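These are the residues of each chain, in order.
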Amino acid sequence: MKFAYRFSGLLGTVYRRGNLSFTRDGSALVSPVGNRISVFDLKNNKCETLPLATRLNIVCVGLSPDGRLAILIDEEGAALLVSLIGKCVIHHFHFHKPVHSVSFSPDGKKFVITKDNVALMYHAPGRKREFNAFVLDKTYYGPYDETTCIDWTDDSKCFAVGSKDMSTWVFGAERWANLIYYSLGGHKDVIVACFFEEDSLDLYTISQDAALCVWQCDTELDGLKPIPPKDAGREKNASKDDEEFLEEPKGEEIHGKANPNEQETREKVKYSRVAKYFFNKEGDFNNLTCAAYHKKTHLLVTGFASGIFHLHELPDFNLIHSLSISDQRIASVSINCTGDWIAFGCSGLGQLLVWEWQSESYVLKQQGHFNSMVSLAYSPDGQYIVTGGEDGKVKVWNTSSSFCFVTFTEHTSGVTAVTFTSNGYVILSASLDGTVRAFDLHRYRNFRTFTSPRPSQFSCLAVDSSGEIVSAGSQDSFEIFIWSMQSGRLLDVLSGHEGPISSLSFNPMKCVLASASWDKTVKLWDMLDSWRTKETLILNSDVLVVAFRPDGKELAVAALNGQITFWDHENAVQTGSIEGRHDLQMGRKELDKITAKQAAKGKSFTTLCYSADGQSILAGGLSKFVCIYNVKEQILMKKFEISCNFSLDAMEEYLDRRKMTEFGSMALIDEGAGGEDDVAIPLPGVKRGDMSYRHFKPEIRVTCLRFSPTGRSWAATTTEGLLIYSLDSGLIFDPFELDIDITPSNIHKTLHQKEYTMAIIMAFKLNEKKLIQEVMEAVPSNEVDVVCSSLPDLYVEKVLEFLASAFEISCHLEFYLTWAHKLLMLHGQKLKTRSVKLLPVIQFLQKSIQRHFEDVSKLCEWNIYNIKYALAISQQRGMKRLAEETSADEEDLDSDSDFLILFLSCFFKNVVY
C-alpha cells in the first residue's frame, strides 16, 4: 500500500453519556461519544471526531476558559489532558477513583475535580513545559456522601460543591479570613446543580426532587479578607515540613464541619435562605436530572427524566418556556456564552439537540441508531453513506459534514441490508418485517414497497448495475425473490438452496447474481437465461458472505471455517484462499468459560469488501480487528484496531485476575439499578434503582465493511458506531521515478524558464503536495490548453487525482475547473481504455465538483431571489410615486435607493464569496 489509512471520523453516534460543553466562542459543541469526543461546528454545519481515545467511556469533560485545553476523564478516573488546537494528548493522569465532575476556574489557573466525598483543587497546566501537568493544591473535605457538581465565582475566589447528602458546601480557593468553608442545607434530595450569581457570593441550589433554594450572602466578593501574613506563614511552614517526607506533595487539606460552634462562625461569612421554589407544582415532573445557568441573562435551564425541559428567569423564578423534546431522560444541559443556544443530551436514545430559545427553533437535531448498526452502503460518488440498524431506521449521512440529513422510519423491524442504486438517488433496504423498501432521495419518501407472496424475513439484498432488478434472500423459506424496480412486481422466486440465504451480490459487469447459503454452496444465477443456475460452487463449510471484485472477474467467499476463498466464477475454479481465523484475534468475554484461543476456533469473517481498485480485500467479524489482505499475494497487509474501549466486552484476550474471586468472576455480580438513572423504588432493603434492570456490556463486533468508490476511505459499522478511515497521505514521502536532478530548486528554475510541462512532471516525480500546487497555480490560464496536450499519459491520471484533492481546499474553482475540462476533453478517449483502473479517481473528482456545484447553486438561487425581490419592491413603489406629490417623491426615492444599496451590497458580498 502506498498510503496508510487512519481514523478520520465517527458517524452514527452523536452522544452517549457525560456532560456537554460549548467552546469559548459558543459556536461549537463538544460531545462525549463513548471513549472519544466529537466537536460539532454549529456555524459551518460540520462535525469532527478527534483522533484520540480514552481506555473507557468518558464521563466528564472540562474545557479551559481560553478554549485551548480539555480534560477528559473516564469511568475509572483515568484522565487525558488534550490540546483542542493540536488535537493530541499532552498528559496522562489517574485519579484512582471515579470522578463525578470537573471544572476550570474562570481565570484558568486552577481546576477542581470531585470524587467520593472530596473535592480536589489542582494547578491548571499553563503554556510552559512542565514535568507534571497536574499539581495538587488543596484537598477539601466536608460532605458525608458523594459529591455531584461544581461551580465557581466569577473572580475565581470561591467555589461551591453539591453532594448526595443533600448539602452544598462553599469553599474558598484561598484561605480567606472570613470564609474557609460554609455548609448549606435546606433540601430533601440529592443536589443536582449549584450556581453562583454574577459577581456575587449569592447562590442557587437545585435538588433532584425539583426544588430550588435561593441563598443570599451577607458579604460581597470584595469583602473577602485574606489571612494575615503571620498566620499564613505558619501554615505554609507546617505543610512544607509534612511534604519533606512525601514523594509527591499532597497539598493543603481543609476539613469542613457541618455544624461549627459559635466561636468558629464569629466574624465569618453568613448565608440565609431567602426563597424556595418548586418546579413540580402540578406533580407532573418528579425527577430533575440536570441543570445549567447563564449568569449574564439570569437564565436557568432544567431537564427532567420525562424528557421535558423548563426555562426560568431568576431570581424571580418566572417561567419563560417549557417543552418536551424526548420521551427519554435528559442527561446533560449546557448553555453557550451568549445565552442564545441550549444543548441537550439524551443518553437513552443517543440524541443531541441544540435549541435556540428566542426563536424557538432547532439549530441542531441529531440522533444515532439507538440499537446496533447492521449494514451500510456508499453512494456511487462517495458523498453519502446510508446505514440500517436493529431499531428499524434507515439513516443517510453526509461524509463531508458527518451529519445525518434524513431518517426513514417505515420499517417495523430490524433492517438487515441497505444499498444504493447506480444513479445514487434511490436507496433500497431489506428488513425482518418481510418488506424491501425503496426510498427517493429527491422527495425523501418511500415510493416502492416490495413484498413476497407469503411472509418472509429478508436477510440480504442486492440490486443490479442498471438499478432495475432488485433481489432479496430469505432466511426462513430459503428462497430468493426478484422484483422489477420500475413496476414493483415480483418477477421470479429462485429456489434451490437448502439453508438460509446469507448473502447476495450482483456482478457489476454482467447480469449474474451470486447467492451464498448455509447449505455450503454458492449459486450463480444468469439473469439473461431465465434465472437458471449457471454454476454451483461447493465449499467445505457454511457460506456467510460473498462479494464480486469491481471488475467482475473474481468472486470472494467467506465461510464458517474462517477461510476466504477466491474463485474464477466463469470457469468455476478456485484461484486462491486465505486462512484468516488466526488474524481475527478474538477477545474473551467476561462470562466465557473457555479461553479466547479456544473460542476463536468457531469464529469467522462475517463481512467482506473489495477495495476500489480490486487489489485488496477488507474482512471483519466478531472481533475488534479489521484485516486488509492483498488478493494477489494472499497475505495480511495490515490489521486495524477499531476500538480501544474497554467498556465493551470481548476486548481483552485474557481475563483480569483482579476480578476473579473464589466464587467466580465479579462480572456475575449485579448491584441492581443503573447508577446514572437512580430510579427510586420505595422498597425496604433495596439500595437504589429498578431491580429488573440488568447491566450488560455490549460486545465489540464489526457488522459491515464498505470501501468508498473514490478509493480514498472505507467505513465500518461497529458497536461503537460508524467509523470512517481515510488515506493519510500528508506525512508520507512517496516519490515517483525520482532522479538526482529532481530537487525543489531545479523545479523552481524550470518554472522561471516557463517550461511548464517539464516543471509539472518534475513536481510529480518529487510528489510534494505543496510544491505541486505551487507549480500548477503558476501556469497561466491561457497556457493550460497547451500544457494539457503535451502531458504524457502517465501523468494525466496523477494530475486528475491532484485536481480532485485540490477542489476540497482551494478557492481557485474556475482555474481548476479549466484544468479538469481540458484534460478530459484532450485525453478522454485514452482514459476510456483504462476506465476500470481510473474509476476511483474520476469518482473522487466528480464528488469534489458536485459539492462545489451544490454550494454555488444555492448561493446563486439566493442572489437571484434577492434581486427579483428588490426589483419588485422598487417597481411597486415607483408606481405609487406617480400619484404622490413631488416632495414626497424625493423622500421615497432616498428610502428606495437605501433599500437597493443594502440588497446590492449583500448580493456583491455573496458574489465575492
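Remember, predicted model here, so these are calculated numbers, not experimental data.

About the cut-offs
Residues numbered from 1 in each chain as written. Predicted model: local features only at pLDDT ≥ 70, side-chain atom pairs only at ≥ 80, totals over all residues. Heavy atoms only, no water. 1 Å grid on protein atoms, 1.4 Å probe; cavity = no way out; pocket = protein on both sides within 12 Å on 5 of 7 lines; lining within 4 Å. Points joined across faces, edges and corners; volume = space filled by probe spheres on them. Helix = DSSP H or I, 4+ residues; strand = E, 2+ residues; numbered from the N terminus. Nonpolar A, V, L, I, M, F, W, Y, C, P; charged D, E, K, R; others polar. Core = buried A, V, L, I, M, F, W, Y, C linked by side-chain atoms within 4.5 Å. Buried < 20%, exposed > 50% of the residue type's maximum accessible area, 1.4 Å probe, protein only. Contact = heavy atoms within 4.5 Å. Pairing = 2+ DSSP bridges. Axes fitted to C-alpha atoms, helices over the stretch in contact; angles between N-to-C directions.

1. Let's talk about empty space enclosed by the protein
By the definition in use, this model includes one cavity of 30 Å³ or more. In this structure, the largest cavity spans a volume of roughly 40 Å³. Among the elements of the structure, helix 7 (769-778) and helix 9 (793-809) are those that each provide at least two residues to the lining of the largest cavity. Ranked by residues supplied to the lining of the largest cavity, first place goes to helix 9 with three residues. Looking at the lining of the largest cavity, its residues break down into four nonpolar, two polar and one charged.

2. Description of unusual backbone geometry
Residues Leu 314 and Pro 315 are joined by a peptide bond in cis, for which omega reads 5 degrees. The topology assignment puts Pro 315 in the loop between strand 25 (308-313) and strand 26 (318-324). Of note, Gln 634 is a non-glycine position whose phi angle comes to about 55 degrees, a positive value. Assignment of secondary structure puts Gln 634 in the loop between strand 53 (625-630) and strand 54 (635-641).

3. Thoughts on the nonpolar core
Judged by nonpolar contacts, the single largest core of 39 residues is most densely connected at Ile 760, Val 799, Leu 803, Trp 819 and Leu 823. Counting residues per element, the ones that place at least two in this core are helix 5 (744-752), helix 6 (756-766), helix 7, helix 8 (784-790), helix 9, helix 10 (813-833) and helix 11 (835-882). With nine residues, the top contributor of residues to this core is helix 9. Once residues lying within four places of it in the same chain are set aside, the contact partners of Leu 823 are Cys 788, Leu 791, Val 796, Val 799, Leu 800, Leu 803 and Gly 828. Counting residues in hydrophobic clusters, the runner-up holds 22 residues, among them Val 33, Leu 618, Ile 628 and Tyr 725.

4. Things to note about the sheet that holds strand 43 (residues 501-506)
Taken together, four strands build an open sheet; the order of strands is 43-44-45-46 and the sheet is antiparallel. If you trace the sheet from one side to the other, it starts and ends with strand 43 and strand 46 (532-538), each paired once. Ignoring strand direction, the axes of neighbouring strands in this sheet form an average angle of 20 degrees. With five bridges connecting them, strand 43 and strand 44 (residues 512-517) associate as antiparallel partners. Among the inter-strand pairings, Leu 504 is bridged to a residue of strand 44, identified as Ser 515.

Treat this as a map of the structure, not an account of what it does.
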